[in-house]
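One letter stands for each residue in the lines below.
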Amino acid sequence: MVTTPTAEPAFLDRTNLTREEARERSALVTVHDYDVHVDLGTALDAQATGFRTRTSLTFSCADPGSSTFLDFIHDGVESVVLNGRCLDTAQVCGGSRILLPDLAGSNEVTVVGTALYSTSGEGLHRFVDPSDGRTYLYTQYEPADARRVFATFEQPDLKGRFTFHLTGPADWVLASNQPEAARRDAGEGLVTVDFSPTPPMSTYITTLLAGPYAVWEDRWDGHPGSGAPVVPLSLYCRRSMAGAMDAERVFDTTRAGLDHFHDLFRVPYPWGRYGQAFVPEYNLGAMENPGLVTLTEDYVFSSRATRAQYEGRATTIMHEMAHMWFGDLVTMRWWDDLWLKESFADYMGTLAVAEATEFTDAWTTFAHRRKGWAYVQDQYPTTHPIVADIADLEAARQNFDGITYAKGASVLKQLVAFVGREAFMAASREYFARHAWGNAALQDFLAVLEEVSGRDLADWPVQWLQTAGVPELWVRDGETPVLCQRGTDPATGRQVLRPHVLRVGRYAPDDGGRLVRTAVTDVEVASGATGAHIAAGGAAGHEAAGGEGAGAVRLVLPNDEDLTYAKIRLDPASVAAVLEHPVTDSLAAATVWAALWNMTRDGLLPAADFVGACCRLSGHLEDVGLYSQVLGQAETAIRRYAPAGVRTGLRVRFGAALREALSGSGSVVAGSDRQRAAMRVFALLARGAADAGDAGDAEDADHDAVRGVVTVLESVLAGWPGGARPAGDGTAEGGRAAVAPGLEVDAEMRWAALQALAALGRADQDRLDRALAAEVTAQTAVWHRTASAAVPEARVREQAWTAVITGRTADGRVLSNDHLSAVAAGFTASRPDLAAPFTPRYWPELTGIWTGRSNGLASRTIGGLFPAAQDALPGGPDAQDAHPVVAAARAWLAEHPEAPRALRRIVVERTDDLVRSLRVQAAGR
């Protein structure tokens, strides 16, 4: 159904652009040029809520005399001039749209108005550094928040050339997608910077940066084979974090990525400069704005970072760089094909890290972290195909998820195995050549891939891209072993049997008891088939190498080398083997632990068995990322999936294993990355010691479990004035040397300990305030919020609840995105009994929160306060449907069928998580 533009408020106030509206506007309008001036002269005034913005836009109309509309979410429109006519703003302007009536064949419109500064990370975000009072601004638009800064045609297929002008303090850095072309004095200590015009691009990847940022500059020397010229490189971060910026390492990664992608694509980088800004309170990991990528400043490591964190940053840098081609040069027409950029960037980013950097095991990280995200997302009732049906912007916002990113990338990895790497890369190059500076859809890429590879892909996208759900793979052993599969699309209920090209490995213990691969077999499962025979003498056969006899320890691993996307179901003998023996190869180990975790979440493996395996075997996991992931999953298994009656014992057992890792007396070396990872998880585990009915009264100094936990936590803070307990408490100086020798204690470690102590009731508000005063930074201010809200007192929880629900502190200050989430995290950090009285108050708030806040802030509020920590009812898994919180959630959903889909999705997914945890608890009794 097409909506005709109208001056009615219901139309002009609507923020949710539909796909049909976008198609109609795209058929009518061809955009040429934007000229945008944003004036940040008010940015330093804390009382100023808005800034002046002016947009001039030229475009053609295919049907003169018709009408269309601009998108602009604003705080007031001063004037709209269309083809020399001053339009009546009272008639044509609503809260989010501006009607443009009686269009000519060629049109120019100029809109002058006031837009709002943001504290939600959407639009133009303004941040004041608590350490020095300096003000920083940056923009974040995807999918449709450029309209919060200037008037636009806010849809990806209406590309234009943008010339930006930015006014701000003369001593600030003022930057955008393209280099500075000129600078003019604007009076009163301000300047206006004019930037060079951009090539054709979508509105959502335009960007502005303003503030006293520290700057580093370098260059990439080009790529003769593709004809790419020299590219200037730059980095930006807040001045107070400049000492932590390892600029040369970031530049090295950037240059390695540019080399690698030019080798693969052979298409010159098309955006001129390559800037990267690390910005505060960022909602995402990063954003692919061409010429000026924005990244979370969490990647500026002010505390010691592990190798896994450096790898994560490198992967993000490569992901965004891949977008310069997949997404920026060639862009999806509408958000249905979001995967055409995000799945590709996720795959290409990992590929580049594995092949062009020191992190050669990047596919191990992908297997246990990215795919783990996909497996969870793909089992929700809200799952969707990779190529999703995105009817409007609200649906688009919700599809930046584990399916679009991680499942899509996993499926692309399988596609590369299916058609061959060279064919895939050749098709990518041809795709860029055909669609450069334009827009494309699924069929455009597949058409090129069929031509280049020679493979018939008619069925492949139907099975992999247009269905939902996780396939399952297992081996049925016997005289003729078979790799079996099953799959159901949860949205339709139909059986889905996908094609797979993969490997099956067989592993047996070596002399040290470690599982090593003794055989591997390539297997191809045809589309529509329930399985495929494994060749005689192959990986699943009885005669595999190693001289194994009947009953010998062995592992048969479907999807060895992780080539396809599927949940792996290990046979009983394989489960027994991996619960007792470490797997030497890191990628195989990641695949095995993913299988164990999926079995735990599905109630097929008791949480106690997973935790026990972690205690026995995690020390053999040399990959710090996999080690961290498995430890974190064990903590989650105790907190969410273990029956209430066994949690204390599991927590004590796991805590002992973590203390051994901290001590440096086992396989984890003192001062290593893995010791640091163990401390992070220990601090999370420690919060649970305060849970009612678990560790008793946390104030009871005689309680051995609590006392042992407190000893470790206090040892981290020993000798630090900001974290010291009152004199005479008996805390020994130098205790850290005995408990965790070699552990580098910095702000992150100190606040991890303080948050846990606060949850235990061992750090009161005065102590937390003194700790913050000792090291005031943006990050410590956030950590302080969480610790303060975690103090186990009913009064504190009431204050935290009120702050999150209202979005303001007790003294009326607005909570920014990060601070709101921090308070919510403290509210739910421990002692579910203190949160329980608020559960009935949660449901009546949901609709008002969603309508009264931005999408981002509302999502943080509703997701952050959901009452997820619950114990199973007596009876089996089926009895859990009667749980009062489950019943309340389902009642709310039944009573609000017309609630926005994005709001309902949050509630549906959180409820599904809760039901799963309750059923698994009940099954494990």
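Because the structure is predicted, anything quoted here is derived from the model rather than measured.

### Brief notes about the packing of aromatic side chains
Then, number 1: Taken as a whole and assessed by the stated rule, the structure comprises 46 aromatic pairs.
Then, number 2: A centroid spacing of 6.2 Å and a plane angle of 25 degrees characterise the contact between F326 and Y431, whose relative ring orientation is stacked. Here F326, found in the loop between α5 (307–323) and β20 (331–332), pairs with Y431, found in helix α10 (residues 421–435); they are 105 residues apart in sequence, far enough to count as distant. Across the pair, exposure class does not vary: F326 and Y431 are buried alike.
Then, number 3: Taking 5.4 Å as the distance between ring centres and 45 degrees as the angle between the ring planes, the aromatic pair formed by W339 and F344 counts as tilted.
Then, number 4: Between the NZ or CZ atom of R249 and the centre of the ring of Y310, over which it lies, the distance is 3.8 Å.
Then, number 5: The ring of W720 has R750 sitting right over it, with the charged end atom 4.7 Å from the ring centre.

### Side note on the nonpolar core
Then, number 1: Residues I98, L100, F153, F261, W325, M348 and F424 are the most contacted members of the largest nonpolar core, which totals 160 residues.
Then, number 2: The element best represented in this core is helix α6 (residues 339–356), accounting for ten residues.
Then, number 3: If sequence neighbours within four positions are ignored, W325 has contacts with F261, H262, F265, V267, P268, Y269, P270, V330 and F432.

### Looking at the pattern of salt bridges
Then, number 1: Here the structure, examined in full by the defined rule, presents 67 salt bridges.
Then, number 2: Put simply, E355 and R421 hold a salt bridge, and the shortest N to O gap is 2.5 Å. Linking E355 in helix α6 with R421 in helix α10, this pair joins segments that are 66 residues apart in sequence.
Then, number 3: With relative accessibility at 34%, the residue R421 sits in the partly exposed group.
Then, number 4: A network of salt bridges, in which partner residues are shared, links E472, R486, K567, R569, D602 and R916.

### Comments concerning the packing of helix α22 (residues 765–774) against helix α23 (residues 778–790)
Then, number 1: Running from N to C, α22 and α23 point in directions that differ by 175 degrees, and their axes come no closer than 10 Å. As summarised for this structure, α22 and α23 are arranged roughly antiparallel, according to the angle between their axes. Of the residues in α23, those in contact with Q765, L768, D769 and L772 of α22 are T780, A781, H784, A787 and S788.
Then, number 2: Broken down by class, the residue content of the contact of α22 with α23 amounts to four nonpolar, four polar and one charged.

### Re the pairing of strand β7 (residues 106–118)
Then, number 1: Of the pairings in the sheet, the one linking strand β2 (residues 50–61) to β7 comprises eleven bridges and is antiparallel in character. Paired with T55 across the bridge in β7 is V111.
Then, number 2: Of the strand pairs in this sheet, strand β4 (residues 77–82) and β7 are connected by five bridges, and their pairing is antiparallel. From the neighbouring strand, L82 faces β7, where its bridge partner is V109.
Then, number 3: One ladder, built from two bridges, connects β7 with strand β8 (residues 123–128); its direction is parallel. Looking at the pairing, S118 lines up with H125 of β8.

### As for the sheet that holds strand β18 (residues 286–287)
Then, number 1: On the basis of which strands lie adjacent, the open sheet formed by five strands has the order β15-β16-β17-β19-β18 and mixed pairing. Looking at strand neighbours, the two that pair on one side only are β15 (214–220) and β18, the edges of this open sheet.
Then, number 2: Strand direction decides the pairing type here: strand β16 (residues 231–237) and strand β17 (residues 274–279), joined by four bridges, are parallel. Note that in β17 the partner of L233 across the bridge is Y274.
Then, number 3: The strands touched by helix α4 (residues 247–265) are β15, β16 and β17; relative to β15, the strand with the most contacts, the crossing angle is about 35 degrees.
Then, number 4: Here α5 sits on the sheet and contacts β17, β18 and β19 (292–296); the angle it forms with β17, its principal contact strand, is near 130 degrees.

### Observations regarding the state of the cysteines
Then, number 1: By the definition in use, this model includes zero disulfides.
Then, number 2: There is no disulfide at C86, and the cysteine sulfur nearest it, in C93, is 12 Å away.

Parameters at a glance
The residue numbering used here restarts from 1 in each chain and proceeds along that chain's sequence as written. Reporting in this predicted model follows two pLDDT cut-offs: at least 70 for local features of residues, and 80 or more for side-chain atom pairs to be given and counted; totals over whole chains, interfaces and linings ignore these cut-offs and use all residues. Excluding hydrogens and water, the side-chain values take into account all heavy atoms of the structure. For Phe, Tyr and Trp, where Trp contributes only its six-membered ring, two rings pair if their centres lie within 6.5 Å, and the inter-plane angle classes them as stacked under 30 degrees, edge-to-face over 60, or tilted in between. Secondary structure counts use DSSP, requiring at least four H or I residues in a row for a helix and at least two E residues in a row for a strand, with both numbered from the N terminus. Any residue under 20% of the maximum accessible area for its type is buried, any over 50% is exposed, and the rest in between are partly exposed; the area is computed with a 1.4 Å probe on protein chains only. Here, over-ring charges are defined by two tests on the NZ atom of lysine or the CZ atom of arginine: distance to the ring centre within 6 Å, and angle to the ring normal within 35 degrees. For the purposes of this section, nonpolar cores are sets of buried Ala, Val, Leu, Ile, Met, Phe, Trp, Tyr and Cys residues that join through side-chain atoms within 4.5 Å. In this description, contact between two residues means that some pair of their heavy atoms is separated by no more than 4.5 Å. A pair is scored as a salt bridge if a Lys or Arg side-chain nitrogen falls within 4 Å of a carboxyl oxygen belonging to Asp or Glu. Angles here are taken between N-to-C directions and fall from 0 to 180 degrees, while the axes themselves are lines fitted to C-alpha atoms, restricted in helices to the stretch in contact. For classification purposes, angles smaller than 35 degrees are called roughly parallel, those larger than 145 roughly antiparallel, those between 65 and 115 roughly perpendicular, and all remaining angles oblique. Each residue receives one of three labels: charged for Asp, Glu, Lys and Arg, nonpolar for Ala, Val, Leu, Ile, Met, Phe, Trp, Tyr, Cys and Pro, and polar for the others, Gly being one of them. Should DSSP find at least two bridges between two strands, the strands are taken to pair. Any pair of cysteine sulfurs within 2.5 Å is marked as a disulfide.

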